[in-house]
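# Examining the three-dimensional arrangement
Okay, here's what each chain looks like letter by letter:
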Amino acid sequence: MRIALSQLTTGPDPGKNLRLLEEWTHRAAADGARVVVFPEASMACFGTPLAPLAEPLDGPWAEGVRRIARDTGTVVVAGMFTPAPGGRVANTLLATGPGVEASYDKIHLYDAFGYRESDSVEAGSAPTLIDVDGVRLGLATCYDVRFPELFRAHADAGAVGTLLAASWGAGPGKVEQWELLVRARALDATVWLAAVGQAEPGGEPGAAPTGIGHSRVVGPDGTVRHALGAEPDLLVADLDVDEVAAVRQKTSVLANRRPELWR
């Protein structure tokens, strides 16, 4: 399966960001991508008041993403914000395209490193998986990468890969943590891990997580197969679905678990 990771930088204007998504999706489709994955907060960057711009999944921004997916014949995965009770929002991944219509609300909220996502965002409560051409993929968002249970849940549900969208916070050691965690989650669950982050926006990092780039595709054996730097770029990669079964036969980490000991 050929996928594309669109490492771009979004701003506070959803309309301008949607035009960026359209441009990058057409580029990815021209390279033969079947799935095009955009970062967390593709609708609007963090640091923007979220409640006033949040839209439901049948609102104009999501419909714009659906139109892009239809026009290019691809499955598009992009981060947006949807309304939640009490004036809060959900940090949502929309996955849409031929044969696919799903959404995932980020389960683990980024209350770390001096930032409190939970002040404005309502946590999700369930994993989401999609099937593209008979290939099952899990969805995850940013801070989720620190929690191996979600990625193992994807594997247990039949996924051979996870699509991880992020807007990773900058700071000392954060690039190294990102690289380590992405590789570890692929190896924990023996899945392909396709991780796309917002590109480094330049300037001094603010309080809100913006992006560091370094998107990458990691194989089910934990090895990095493709990687980007910090700047905006498009990564197109082919995932060998059959490799997952071969790695699982060798390592058996899923089969050898003893979950009853930790309940």
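This text gives an overview of the structure that appears in the document. (Residues numbered from 1 in each chain as written. Predicted model: local features only at pLDDT ≥ 70, side-chain atom pairs only at ≥ 80, totals over all residues. Heavy atoms only, no water.)

## Structural notes on the nonpolar core
Operational definition: Buried residues of nine kinds, namely Ala, Val, Leu, Ile, Met, Phe, Trp, Tyr and Cys, make up a nonpolar core once their side-chain atoms join them within 4.5 Å. Buried, partly exposed and exposed residues are distinguished by accessible area as a fraction of the type maximum, computed with a 1.4 Å probe on protein chains only: under 20%, between the cut-offs, and over 50%, respectively. Note on definitions: a residue-residue contact is assigned when non-hydrogen atoms from the two residues lie within 4.5 Å.
I130 and L163 are the most contacted members of the largest nonpolar core, which totals 48 residues. Look past the residues within four positions of L163 in its chain and what remains in contact with it is V35, V37, V77, I130, L137, G138, L139, A140 and A194. L18, W24, F46 and Y110 belong to the second-largest nonpolar core, a separate cluster that totals 35 residues.

## Re the packing of helix α3 (residues 148–156) against helix α4 (residues 174–189)
Defined as follows: To get an axis, a line is fitted to the C-alpha atoms, and for a helix only the part in contact is used. The angle between two axes follows their N-to-C directions and goes from 0 to 180 degrees. Comment: elements are numbered from the N terminus, with helices defined as DSSP H or I runs of at least four residues and strands as E runs of at least two. Orientation categories follow fixed angle ranges, with anything under 35 degrees roughly parallel, anything over 145 roughly antiparallel, 65 to 115 roughly perpendicular, and all other angles oblique. For any pair of crossing helices, the crossing counts as left-handed if the nearer helix is rotated counterclockwise from the farther one by less than a right angle, and right-handed if it is rotated clockwise. By the convention adopted, Pro, Cys, Tyr, Trp, Phe, Met, Ile, Leu, Val and Ala count as nonpolar, Lys, Arg, Asp and Glu as charged, and the other residues, Gly among them, as polar.
Put simply, α3 and α4 touch, their axes get as near as 9 Å, and they point 40° apart. Relative to α4, the element α3 is oriented oblique. The crossing of α3 and α4 is right-handed. From α3, P148, F151, R152 and A155 reach across to α4, where they touch R185, D188 and A189. A breakdown of the residues in the contact of α3 with α4 according to their chemical character gives four nonpolar, no polar and three charged.

## Comments concerning the sheet that holds strand β13 (residues 216–218)
Threshold: Criterion used throughout: strands pair if DSSP finds at least two bridges between them.
Reading across from one edge, β9-β10-β11-β12-β13-β14 is the order of the six strands in this open sheet, with mixed pairing throughout. With one partner strand each, in any of the chains shown, β9 (129–132) and β14 (224–227) form the two edges of the open sheet. For this sheet, the mean inter-axis angle between neighbouring strands, taken without regard to orientation, is 20°. Relative to β13, strand β12 (residues 192–197) is paired through three bridges, and the arrangement is antiparallel. Bridge pairing in β13 places A194 opposite V217. Across the sheet, α3 is in contact with β9, β10 (135–141), β11 (161–166) and β12; its angle to β10 comes to roughly 165°.

## Structural notes on α3
In plain terms, the rule: Note that the arc is defined by the directions from the helix axis to the C-beta atoms.
All of the buried residues along α3 are P148, L150, F151, H154 and A155. Buried residues in α3, looked at end-on, bunch into an arc of 165°, giving them a common side.

## Quick notes on the pattern of salt bridges
Let me state the cut-off plainly: Counted as salt bridges are all cases of a side-chain nitrogen of Lys or Arg within 4 Å of a carboxyl oxygen of Asp or Glu.
By the definition in use, this model includes 18 salt bridges. Here R34 and D133 are joined by a salt bridge, their closest N and O atoms 2.7 Å apart. Of this pair, R34 sits in the loop between α1 (14–30) and β2 (35–37) while D133 sits in the loop between β9 and β10; the two residues are 99 residues apart in sequence, bridging distant segments of the chain. Residue classification places D133 among the exposed residues on the basis of a relative accessible area of 56%. Notably, a salt bridge pairs E260 with R258, separated by 2.5 Å at the nearest N-O pair. Residue classification places R258 among the partly exposed residues on the basis of a relative accessible area of 46%. One connected set of salt bridges, linked through shared partners, spans E22, R67 and D71.

## Notes on the packing of α1 against helix α2 (residues 60–72)
Two elements in contact, α1 and α2, have axes separated by 10 Å at closest approach and are oriented at 15°. When the axis of α1 is compared with that of α2, the two are roughly parallel. By crossing handedness, the relation of α1 to α2 is classed as right-handed. Along the contact surface, α1 presents P14, L18, L21, E22, T25, H26 and A29, while α2 presents W61, G64, V65, R67, I68 and T72. Classifying every residue of the contact of α1 with α2 by side-chain character gives seven nonpolar, four polar and two charged.

## Some remarks on the packing of aromatic side chains
Put simply, the rule reads: Aromatic pairs are defined between Phe, Tyr and Trp rings, using the six-membered ring for Trp, whenever the two ring centres lie within 6.5 Å; interplanar angles under 30 degrees are classed as stacked, those over 60 as edge-to-face, and all others as tilted. In our convention, an over-ring charge means Lys NZ or Arg CZ found within 6 Å of a ring centre and within 35 degrees of that ring's normal.
Enumeration according to the criterion identifies seven aromatic pairs in this entry. Measuring from ring centre to ring centre gives 5.6 Å for F46 and F81, while their planes differ by 75°; the resulting arrangement is edge-to-face. Taken together, the positions of F46 in the loop between β2 and α2 and F81 in strand β3 (residues 75–83) put the pair 35 residues apart, joining distant regions of the chain. For F46, a relative accessible area of 6% puts it in the buried group. Assessed through its relative accessible area of 0%, F81 is described here as buried. Each ring, one from Y110 and one from F113, has its centre 6.4 Å from the other, and the planes form 20°; the classification is stacked. Judged by relative accessible area, F113 falls into the exposed class, the value being 56%. What links up through ring pairs into an aromatic cluster is the set F46, F81, Y110, F113, Y115, Y143 and F147. Stacked on the ring of W24, the Lys or Arg R27 has its end atom at 4.7 Å from the ring centre.

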